Amino acid sequence: MMEFLEVGGVLTLLEILGQDKLKEEDKTEALRLLQIISNTGQKYKELVCESYGVKAVAECLAKSETEETQETAAAFLESLAHGNPKYQNQVYKGLIALLTCTSPRAQQLVLQILRIVQPIVKSAHHSIVEPLLNLLRSPHLEVQHEAIELITELMHSEVGQALLRGLVAFLKPTKERIPKHKILEDQEMAKTTDSLPVLLQQAASAKTIRILAQRSEDVSKELLSLRVIHHLLYAMGNQQHADSQRQASLALEHFVRMYPVVEEHVRRAMGAALFESFMHNVDVLHLSMDDIQADILRSNKVNISCVLEGEISDD
């Protein structure tokens, strides 16, 4: 191995990863050889990183067309973060950059590795917020699941507040994100519009908010201070996307059952009849909601904004 390294073996293997004309099998074997070398010790991991190995492996993972090569590249990137304090942040930032790649399998692998690497680097970098939240637009549930898990684990980090603000904002997409002419009653036709990723993100944000609120009362209170109730009611009235309505209803139910003052404001905003239906049929309320009720929800003015010592007060 020493002879191989002395004649530039690492650079040769990394160059193989960037050759478009080579077979995926050759790239997989190159990654395995790099793994063997880096497993020999910290200084060999550093050698790979000094040779711009993180960039080369990350690009290979993003562009690869086979799962075997993707998984081998992902495993190698993860290994470079262990026992490599000099370059662990470089690996971490390389993984964040990979969140914007287009392969769903690569996105899933990167999210899984970030959940392992984040505790190693400890501090969360602010650049993770936007690409992570954007993965909630994915139509692939396995990607959404991993994104939600990572968001949950980042709640008590430096980016927790920014993630919560983003989640709440996505419940109420701007007019620029969803033009009115895109509104279609036919769900199958809606899938062909540019607005679908935003609708998927709205539904996934509501789901994430429910999961976060159920796991932590502190997070629940933080969400209330961000006017989450107003935004959830708005999402419930979005007749463009049934799953947004359902996920928002389920999230809102948690807050209504947890806080009496929230229940009072929501009852007032919905009206007695719709509120009773909501409390008894939260999972399927959207199926029986009419246009007037949906409009009432979208135009709600609820503003429950601060939580003090377990009590909720109006702004």
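Residues numbered from 1 in each chain as written. Predicted model: local features only at pLDDT ≥ 70, side-chain atom pairs only at ≥ 80, totals over all residues. Heavy atoms only, no water.

You'll find the protein entered in an unreviewed UniProt entry as Armadillo-like helical domain containing protein 1 isoform X3, with Danio rerio given as the organism.

## Notes on the pattern of salt bridges
The final tally for this structure, using the stated rule, is 18 salt bridges. Taking the shortest distance from any N to any O, the salt bridge between glutamate 68 and arginine 32 comes out at 2.7 Å. With a gap of 36 residues between them, glutamate 68 in helix H6 (residues 67-81) and arginine 32 in helix H3 (residues 24-38) connect regions that are remote in the sequence. Glutamate 68 sits in the partly exposed class, given a relative accessible area of 44%. Ionic pairing is found between arginine 257 and glutamate 253, a salt bridge with its closest N-O pair at 3.0 Å. (Salt bridge = Lys/Arg side-chain N within 4 Å of Asp/Glu carboxyl O. Helix = DSSP H or I, 4+ residues; strand = E, 2+ residues; numbered from the N terminus. Buried < 20%, exposed > 50% of the residue type's maximum accessible area, 1.4 Å probe, protein only.)

## Overview of helix H14 (residues 217-225)
If you check which residues of H14 are buried, you get Val219, Ser220, Leu223 and Leu224. Each buried residue of H14 sits inside an arc of 145° when the element is viewed along its axis, so together they form one side. Trailing H14 by a residue or two, arginine 227 shows a phi angle of about 65°, which is positive. (Arc of directions from axis to C-beta.)

## With respect to the confidence of the model for the protein
Low-confidence regions, as indicated by low pLDDT, have predicted coordinates that should not be scrutinised in detail. For the protein, per-residue confidence averages 90 on the pLDDT scale, and residues scoring 70 or more make up 90% of the total. Across residues 179-185, where pLDDT falls below 50, the model places eight contacts with residues more than four positions away in sequence or in other chains. (pLDDT = per-residue confidence, 0-100. Contact = heavy atoms within 4.5 Å.)

## Observations concerning the state of the cysteines
One pass over the full model with this rule turns up zero disulfides. The closest cysteine sulfur to the non-disulfide-bonded cysteine 60 is located on cysteine 101, 12 Å from its own sulfur. (Disulfide = S-S within 2.5 Å.)

## Description of the nonpolar core
Most often, soluble globular proteins have nonpolar side chains that are buried together. Counting residues in hydrophobic clusters, the biggest one holds 97 residues, and the most contacted among them are Ile128, Val228, Ile229, Leu252, Phe255, Met270 and Phe278. The element best represented in this core is helix H8 (residues 104-121), accounting for eight residues. Methionine 270 has contacts with Leu233, Met236, Leu252, Phe275, Phe278 and Leu297, leaving out every residue within four places of it along the chain. (Core = buried A, V, L, I, M, F, W, Y, C linked by side-chain atoms within 4.5 Å.)

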